[in-house]
Amino acid sequence: VSKSYDEIRKKTMNGDVVVMTAQEFKEYVKANGVKKAAKDVDIVTTGTFGAMCSSGAYFNFGHSDPPIKMQKVWMDGIPAYAGLAAVDAYLGATELDDTNNMMHGGAHVIEDLVRGKAVRLKATAYGTDCYPKKEIDTYVSLKTVNQAVLLNVRNCYQNYAVATNSGSRTLYTYMGKLLPEYGNATYSSAGELSPLLNDPYYRSIGIGTRIFLGGAQGFVIWEGTQFNPGVPRTPAGVPKRAAGSIAVIGDLKQMSSEFLRGLTFTRYGTSLGLGIGIPIPILDEEMARACAITDDQIVTAMFDYSQPARSRTVLKEITYAELRSGEIELKGKHIPTSSLSSLYKARQISQILKSQIQKGEFMMERPVQSLPMDRVFKALDVRTEKEAM
Amino acid sequence: LKTKVVLNFSPEAANTPITHNLIAKHHLLVNILRAEIDEIGGKMVLELSGKADDIRKGIDYLKSNGVGVRPIKEGVRRDEDICTHCGMCVSICPTKALAFDSKTGKVTFTEEKCVACGVCIDACPPRAMEILI
């Protein structure tokens, strides 16, 4: 079988498109085989909800009277980047105030806005002939600003590491609290529900793909930073390490705190808990086979985070089925596992996306450009000007 | 019968051998799950086992000595609206009071198993866990 984007879109408009969540589709394939599943099903909905640090939002606050060309901007005390036109600023999820208070960073301010709260906006400026005002202290909310747009440069990682700690003290990391002497292990991918693991070679997820983003609809706008498709893969083509990622955009004003949360990782910093869902068109059997993948076929690697180096050695390769069992084995020791991404919310997102497509509220798009397969992941070394050229 | 209680006491009460008296005078088995004492007083989490009557008398004895006694249920609380069910807490919880339910995909919190050790408090990314003692 072979279906085109146009056929699937037409079926969506007619209301007879067949949509299954990734979970349902995997069971359907198990019972009926790939061939029949490819024929019967048009779209599979995936989902993930996890900490996505490379996130933030830009705003246009509107002009004051007299006008100000904001040079420094704080939103509820958190600095926002204002090196743009007069009243535009970008607030990053991991930004902290000058006391490094990790209970309330940029991500928390974004969540407060989404919850409908007003946020204190302070700005200073040097003053120009056209923008004479030198400071402003006021309140803004999603109702008062012109634009509030979530713009994230790296989200939705295709696979990720498992973290553990061989050292003698508890480590506080972006992978959570790691107890000493291999006391626990944490992982952060939604595994078989994760969008990019169901489309390992980015056949349908590309620039222009419409996605579920934080409860609203958004788009993939580019490859994510550190996009690295060349990592080792399983025979089925599924990356065994952190590989692809996506840059995304969406209207913050339409988002919901159910799928957008400020997170605190003790002694590490803040991050944005974000829900993303992506529909995958079952264009042919190859797509169906890719979407049939289950946790026991998805492999990742465990690393010792007490090793303070750029490239840590792989302790062990493990599957998501093992991780999900709650306990993994390493050197004869049983290590309890924790997920950092919410399976509950991932399922919820794939379910919501399914019903939105069925109701014709969400239209799957054909990407306008594919993600690049030739990207490599380069390191930062201390080098001379000449060496950098 | 077994029960877990949270004790709060003043520095003066800290000088009374209350656990000894619970054991010797009230015939209870006492398991100290957590104990902290500083200049403003102390906190203790105890598991008491014995006859229902002895436990009741033991708790009365504590109260008559100025010790605040609360059931463990009031030790740690989860804010259900804030929890995202990620599961970070599951692998660090020493008593498996926090556990993953693969059917619902949710993290369950069984208060009876909680010993109010507090290890989950700063591990929770959305900060859904609160320690009350």
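The preceding data block contains the structure.
Overview of the structure. (Residues numbered from 1 in each chain as written. Chains lettered and ligands numbered in written order. Predicted model: local features only at pLDDT ≥ 70, side-chain atom pairs only at ≥ 80, totals over all residues. Heavy atoms only, no water.)

**Re the sheet that holds strand β1 (residues 19-21) of chain A**
Residues and elements named next belong to chain A. One open sheet holds the three strands; their spatial order is β1-β2-β20, and the pairing between them is mixed. Looking along the sheet, the strands with just one partner apiece sit at the ends: β1 and β20 (279-281). Across the sheet, the mean angle from the axis of one strand to that of its neighbour is 25°, orientation sign disregarded. Relative to strand β2 (residues 43-45), β1 runs parallel, the two sharing three bridges. Bridge pairing in β2 places threonine 21 opposite threonine 45. Set on the sheet, helix α6 (residues 343-358) makes contact with β1, β2 and β20; between it and β1 the angle comes to about 175°. (Pairing = 2+ DSSP bridges. Helix = DSSP H or I, 4+ residues; strand = E, 2+ residues; numbered from the N terminus. Axes fitted to C-alpha atoms, helices over the stretch in contact; angles between N-to-C directions. Contact = heavy atoms within 4.5 Å.)

**Here's the deal with the side chain of glutamine 158 of chain A**
Residues and elements named next belong to chain A. Within the secondary structure, glutamine 158 is located in the loop between β10 (147-155) and β11 (162-164). In this structure the side chain of glutamine 158 is engaged in a polar contact, spanning 2.9 Å, whose partner is the backbone oxygen of leucine 196. Setting aside anything within four residues of it in sequence, one finds glutamine 158 in contact with Leu196, Leu197, Asp199, Pro200, Tyr202, Arg233, Pro239, Arg241, Ala242, Ala243 and Gly244. (Polar contact = N/O pair within 3.5 Å; in protein donor to acceptor, adjacent residues only side chain to side chain.)

**Quick notes on the pairing of strand β7 (residues 106-109) of chain B**
Residues and elements named next belong to chain B. The two faces of β7 differ: Val107 and Phe109 on one face are buried, but Lys106 and Thr108 on the other face are not. With four bridges connecting them, strand β6 (residues 98-101) and β7 associate as antiparallel partners. Counted as the bridge partner of leucine 98 is phenylalanine 109 from β7. Here β6 folds back onto β7 in antiparallel fashion, the turn holding four residues, of which glycine 105 has a positive phi close to 75°. (Buried < 20%, exposed > 50% of the residue type's maximum accessible area, 1.4 Å probe, protein only.)

**Brief notes about the interface of chain A and chain B**
It is common to report an interface's size as the accessible area lost on association of the parts. The partner chain B presents 24 residues to the 28 residues of chain A that form the contact. Regarding the contact of chain A and chain B, the summed buried area is about 1,900 Å², with carbon and sulfur atoms giving 54% of it. On the chain A side of the interface with chain B, the three residues burying the most area are Lys177, Arg261 and Tyr344 of chain A, jointly 28% of the side's total. Across the chain A-chain B interface, the total number found is one salt bridge. (Buried area = accessible area lost by both parts, 1.4 Å probe. Salt bridge = Lys/Arg side-chain N within 4 Å of Asp/Glu carboxyl O.)

**Some remarks on the packing of aromatic side chains**
Residue and element names in this part refer to chain A. Under the counting rule described, the total for this entry stands at eight aromatic pairs over all chains. Measuring from centroid to centroid gives 5.8 Å for tyrosine 174 and tyrosine 268, while their planes differ by 55°, and the two rings are tilted. Within this pair, whereas tyrosine 174 is found in the loop between β12 (171-173) and β13 (176-178), its partner tyrosine 268 is found in the loop between β18 (260-265) and β19 (269-277), the two being separated by 94 residues in sequence. By relative accessible area, tyrosine 268 is classed as partly exposed at 36%. Judged by centre distance (5.1 Å) and plane angle (50°), the rings of tyrosine 202 and phenylalanine 227 are tilted. Within this pair, whereas tyrosine 202 is found in the loop between β14 (185-187) and β15 (210-213), its partner phenylalanine 227 is found in the loop between β16 (216-223) and β17 (246-251), the two being separated by 25 residues in sequence. Each member of the pair tyrosine 202 and phenylalanine 227 is classed as buried. Against the face of tyrosine 305 rests arginine 312, its NZ or CZ located 4.0 Å from the ring centre. The ring of phenylalanine 49 carries the charged tip of lysine 345 above its face, separated from the ring centre by 5.6 Å. (Phe/Tyr/Trp six-rings, centres within 6.5 Å; stacked < 30°, edge-to-face > 60°. Lys NZ or Arg CZ within 6 Å of the ring centre and 35° of its normal.)

Shape is all these values report; function is a separate question.
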